[in-house]
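Below are the chains, spelled out letter by letter.
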Amino acid sequence: MSDSRERILGRVRDALAPLPRRAPLPDWSEALAVRRGTREAGDLWALFAERLKAVNGTPLTAVPDLVALLEAGGWRHGYCDPALWPRLRGEFPAAFTVETEFDRRRVDDYQFGITAAAGAIAETGTLVLSDRGTSCRLGALAPWVHVAVLRREQIVADLPAAIAALPADPNVIWVTGPSKTADVEGILIEGVHGPGREVALLLAG
């Protein structure tokens, strides 16, 4: 690490040191929230999957389907959260190279990253990621394909419920579909500053 970078990061650490807890959420009225029928939804996964597809995300419910998706795209080298890999390993054929440690020096080598989600929002098809729940933030944000592993009980109905359930974490990321950007002419481009494919994999238990 360069001396300049260490000095900058040191100043950031010094500025954060007096803050023992995260700042409290502002007061707001839940009556201001506009909902799209989420409170009546019986199956939050079904609604989440529908909304995720609407923003060009990919919902999956089986590991073989994930393997088929990766094979079809030619994405055979990736990273997987070491806590998740024992459960997934048996479904991946030998043609895949999956590492459980993300090497920052080879960031461009990883075509996909599999990490744990902290939650999901059915109303918007949004995945919630956190530093404490994600084994490697680069593993979730740098590869072209990001796979967020999710349990059914982690899905909340809407934005107010998601805010109430925010983890006590200094860095929480809400991901709604693949990374997107647009220029002044309104041309939408996906995958410019993050994954170009966003996958939610629902696992039981």
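One can find the structure itself at the top, above this paragraph.
A brief look at the structure comes next. This one's a predicted model, so the numbers in the text were calculated from it and none came from an experiment.

### Some thoughts on the overall build of the protein chain
Reasoning step 1: A count of helices and strands for the protein chain gives six helices and 12 strands.
Reasoning step 2: Here the protein chain, with 205 residues, has 40% of them falling under the buried criterion.
Reasoning step 3: Within the protein chain, residue pairs in contact and separated by at least 24 positions form 69% of the contacts whose partners lie at least 6 positions apart.
Reasoning step 4: A total accessible area of about 11,600 Å² is found for the protein chain, and carbon and sulfur atoms account for 54% of it.

### Description of the environment of Trp75
Reasoning step 1: On the secondary structure map, Trp75 appears in the loop between helix 3 (63-73) and strand 2 (77-80).
Reasoning step 2: Taking relative accessible area as the criterion, Trp75 reaches 15% and is therefore assigned buried.
Reasoning step 3: Once the C-alpha coordinates of Trp75 and Gln111 are considered, the two residues, 36 residues apart in sequence, prove to be 5.5 Å apart.
Reasoning step 4: Excluding residues that lie within four positions of it along the chain, Trp75 makes contacts with Leu69, Leu70, Phe96, Gln111, Phe112, Trp144, Val145 and Arg197.

### Regarding the nonpolar core
Soluble globular proteins tend to pack their nonpolar side chains together in the buried interior.
Reasoning step 1: If you look at the biggest cluster of nonpolar residues, it comprises 23 residues, and the most contacted ones within it are Leu66, Leu70, Leu88, Phe92, Phe112, Ile114 and Leu201.
Reasoning step 2: For this core, the elements supplying multiple residues, two or more each, are helix 3, helix 4 (85-88), strand 4 (112-116), strand 7 (145-150) and strand 12 (197-202).
Reasoning step 3: Among the elements that take part in this core, helix 3 stands out by supplying five residues, more than any other.
Reasoning step 4: Excluding its chain neighbours within four sequence positions, the residues that come into contact with Leu70 are Trp75, Phe92, Phe96, Phe112 and Val145.
Reasoning step 5: By size, the runner-up hydrophobic cluster in this structure holds 17 residues, among which are Leu52, Ala140, Ala148 and Leu202.

### Concerning the sheet that holds strand 8 (residues 155-156)
Reasoning step 1: Spatially, the four strands line up as an open sheet ordered 8-5-6-9, and their pairing is mixed. Each of the sheet's edge strands pairs with one partner strand only, and the pair in question is strand 8 and strand 9 (172-175).

### Observations concerning the sheet that holds strand 2
Reasoning step 1: Ordered in space as 1-12-7-4-2-3, the six strands form an open sheet in which the pairing is parallel. At either end of the open sheet lies a strand with only one pairing partner, and these are strand 1 (58-60) and strand 3 (97-99). Averaged over all pairs of adjacent strands, the angle between strand axes in this sheet comes to 20 degrees, irrespective of strand direction.
Reasoning step 2: Direction of pairing for strand 2 relative to strand 3: parallel, over a ladder of three bridges. Pairing of Gly78 across the sheet is with Val98, part of strand 3.
Reasoning step 3: Packed onto the sheet, helix 2 (residues 44-54) meets strand 1, strand 7 and strand 12 and runs at close to 150 degrees relative to strand 1.
Reasoning step 4: Where helix 3 meets the sheet, its contacts fall on strand 1, strand 4, strand 7 and strand 12, and the angle it forms with strand 12 comes to roughly 160 degrees.

Criteria and thresholds
- Residues numbered from 1 in each chain as written.
- Predicted model: local features only at pLDDT ≥ 70, side-chain atom pairs only at ≥ 80, totals over all residues.
- Heavy atoms only, no water.
- Helix = DSSP H or I, 4+ residues; strand = E, 2+ residues; numbered from the N terminus.
- Buried < 20%, exposed > 50% of the residue type's maximum accessible area, 1.4 Å probe, protein only.
- Contact = heavy atoms within 4.5 Å.
- Areas by Shrake-Rupley, 256 points an atom, 1.4 Å probe, with all protein chains shown as cover.
- Core = buried A, V, L, I, M, F, W, Y, C linked by side-chain atoms within 4.5 Å.
- Pairing = 2+ DSSP bridges.
- Axes fitted to C-alpha atoms, helices over the stretch in contact; angles between N-to-C directions.

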